[in-house]
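Now for the letters of each chain:
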Amino acid sequence: MATDLHELLRSLRVWDPEATDLPSFDPTRAPDDPLALFTEWFAQAVAAGQTEPHTMTLSTSDEEGLPDARIVMLHGADAAGWAFATHATSRKGRDLAARPYAALTFYWPVHGRQIRVRGPVTVAPAAEAQTDLHVRSTGALAAALTGHQSEVLGSVEELTRASEEAWDRASREPEAEAPSWTLYRLRPDTVEFFQGDARRRHVRLAYRREETGTWARGLLWP
């Protein structure tokens with residue numbers, strides 16, 4: 001019997017009380033810097049058992065202005081920006097070369113929270129990108145060495161051969177370099193924190209960077 005998509009959708013609940021705890025959020029007590037609040041919420045998501053809280057949606061646009069989005073991993077966040085990495089030759093790498101501006105979205109359903117980060121993107125020095133790669137797992141290095149990201153693949157067998165060769169090299173040469181592997185930093189212009197509410201009175205606190213470098217804050221209607 002065929003699956004009815006609409007029936008499945010109607011059967012699902014948002015923020016099921018058995019799996020979700022919606023904390024209260026008083027925006028008047030939020031810190032002046034969004035990074036501090038991000039760090040606090042991130043730590044709370046980890047403590048609550050949120051699956052892969054370091055994954056995020058990276059949204060870019062190509063040279064024609066057409067949007068694209070995909071899930072990537074957060075490599076760090078500090079005063080310089082939110083960091084992520086990919087091949088410069090990949091689709092997202094090409095998008096960022098054409099339009100170095102992007103948005104990041106985190107969603108942590110365990111607390112009914114979203115965080116949206118948007119701003120210009122810069123490329124870190126190549127040596128820094130390689131250092132970032134080499135502190136990661138053997139699998140991460142092998143994936144980077146496999147390369148060809150976003151290119152047309154001829155067959156699964158071709159991928160298997162290239163992947164096995166990359167794993168073998170990553171195991172033998174843990175300091176091997178992947179020349180196209182690039183570390184990017186998004187320095188936010190705006191950061192929004194969304195706290196879900198069971199009665200749909202969601203709290204949205206938006207930070208906006210001013211020309212002085214300080215942050216202005218304000219609430220948004222849900």
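Keep in mind that this is a model prediction, so the values were computed, not measured. Throughout, a residue's number is its position along its own chain's written sequence, starting from 1. The predicted origin of the model limits local features to residues at a pLDDT of at least 70 and limits the giving and counting of side-chain atom pairs to 80 or more, whereas totals for whole chains, interfaces and linings rest on all residues. Excluding hydrogens and water, the side-chain values take into account all heavy atoms of the structure.

Turning to the overall build of the protein chain, a few remarks are in order. The secondary structure content of the protein chain amounts to six helices and ten strands. Along the first, second and third principal axes, the C-alpha atoms of the protein chain reach 60 × 55 × 40 Å. Exposed residues in this analysis have more than 50% of their type's maximum accessible area, buried residues have under 20%, and partly exposed residues fall in between, with area computed by a 1.4 Å probe over protein chains only. Across the 222 residues of the protein chain, 36% fall into the buried class. Residue pairs at least 24 apart in sequence account for 64% of intrachain contacts in the protein chain once pairs closer than 6 positions are excluded. Methods summary: accessible areas were calculated by the Shrake-Rupley approach with a probe of 1.4 Å, and residue burial reflects only the protein chains presented. Split by element, the accessible area of the protein chain, about 13400 Å² in all, is 53% carbon and sulfur. Only four residue types enter the charge count: Lys and Arg as positive, Asp and Glu as negative, with His and the chain ends excluded. Charge positions come from single atoms, namely NZ of Lys, CZ of Arg, CG of Asp or CD of Glu. For the protein chain, the distance from the average position of its 24 positive side-chain charges to the average position of its 32 negative side-chain charges is 7 Å. Where helices and strands are cited, they refer to DSSP runs of H or I of at least four residues and of E of at least two residues respectively, numbered from the N terminus. Any two residues whose heavy atoms approach within 4.5 Å are treated as being in contact.

The residue Phe 194 is located in strand S8 (residues 190-195) in this model. Take Phe 194: its relative accessible area is 11%, and that puts it in the buried class. Expressed as a C-alpha distance, the spacing of Phe 194 and Trp 221, which sit 27 residues apart in the sequence, is 11 Å. With residues up to four places along the chain from it excluded, the contact list for Phe 194 reads Trp 15, Trp 41, Gly 112, Arg 113, Gln 114, His 202, Val 203 and Arg 204.

A few words now on the packing of helix H5 (residues 138-146) against helix H6 (residues 156-172). Note on geometry: axes are lines fitted to C-alpha atoms, helical ones only across the stretch in contact, with angles between N-to-C directions running from 0 to 180 degrees. The contact between H5 and H6 brings their axes to 8 Å, and the two run at 130 degrees. It follows that H5 is oblique to H6 by the angle criterion. Between H5 and H6 lies a crossing of right-handed hand. Between H5, through Thr 138, Gly 139, Leu 141, Ala 142, Leu 145 and Thr 146, and H6, the contact on the second element is made entirely by Leu 159, Ala 162, Ser 163, Ala 166, Trp 167, Arg 169, Ala 170 and Ser 171. Counted by class, the contact of H5 with H6 contains eight nonpolar, five polar and one charged residues. Orientation categories follow fixed angle ranges, with anything under 35 degrees roughly parallel, anything over 145 roughly antiparallel, 65 to 115 roughly perpendicular, and all other angles oblique. By the definition used in this description, the sense in which the near helix is turned from the far one sets the handedness, with an anticlockwise turn below a right angle giving left-handed and a clockwise turn giving right-handed. By the convention adopted, Pro, Cys, Tyr, Trp, Phe, Met, Ile, Leu, Val and Ala count as nonpolar, Lys, Arg, Asp and Glu as charged, and the other residues, Gly among them, as polar.

Our focus in this paragraph is unusual backbone geometry. Located in the positive-phi region is His 148, a residue other than glycine, with phi close to 65 degrees. When you line up the elements, His 148 lands in the loop between H5 and H6. Notably, Arg 200 is not glycine yet its phi reads approximately 65 degrees, a positive angle. Here Arg 200 is to be found in the loop between S8 and strand S9 (203-209).

Right, let's get into the side chain of His 87. Residue position: His 87 is located in strand S4 (residues 81-87). Note on His 87: relative accessible area 3%, which makes it buried. Pairing of N or O atoms within 3.5 Å defines a polar contact, subject to two protein rules: one partner must be a possible hydrogen donor and the other a possible acceptor, and residues neighboring in sequence count only if both atoms are side-chain atoms. Within the structure, His 87 has its side chain in polar contact with the backbone oxygen of Ala 144 (distance 3.3 Å). With sequence-adjacent residues up to four places away left out, His 87 is seen in contact with Gly 93, Ala 143, Ala 144, Gly 147, Gln 149, Ser 180, Trp 181 and Tyr 184.

Quick look at the pairing of strand S7 (residues 181-186) now. Burial runs high along S7: six of the six residues are buried. Between any two strands, at least two bridges found by DSSP are needed for them to pair. Pairing geometry for S4 and S7, over six bridges, is antiparallel. Within S7, the residue paired with His 87 across the bridge is Trp 181. Pairing of strand S6 (residues 113-123) with S7, which is carried by three bridges, proceeds in the antiparallel orientation. Looking across to S7, one finds that Val 123 is bridged to Tyr 184.

On to the packing of aromatic side chains, then. Here the aromatic set is Phe, Tyr and Trp, taking the six-membered ring for Trp, and pairing holds for ring centres within 6.5 Å; pairs whose planes are under 30 degrees apart are stacked, those over 60 apart are edge-to-face, and all others are tilted. For the structure shown, the criterion picks out eleven aromatic pairs. In textbook terms, an aromatic cluster arises when at least three aromatic residues are bridged by ring pairs, as seen for Phe 25, Trp 41, Phe 193, Tyr 207 and Trp 215. Any Lys NZ or Arg CZ found within 6 Å of a ring centre and within 35 degrees of that ring's normal is scored as a charge over the ring. Its end group placed over the ring of Trp 41, Arg 113 keeps NZ or CZ at 4.0 Å from the ring centre.

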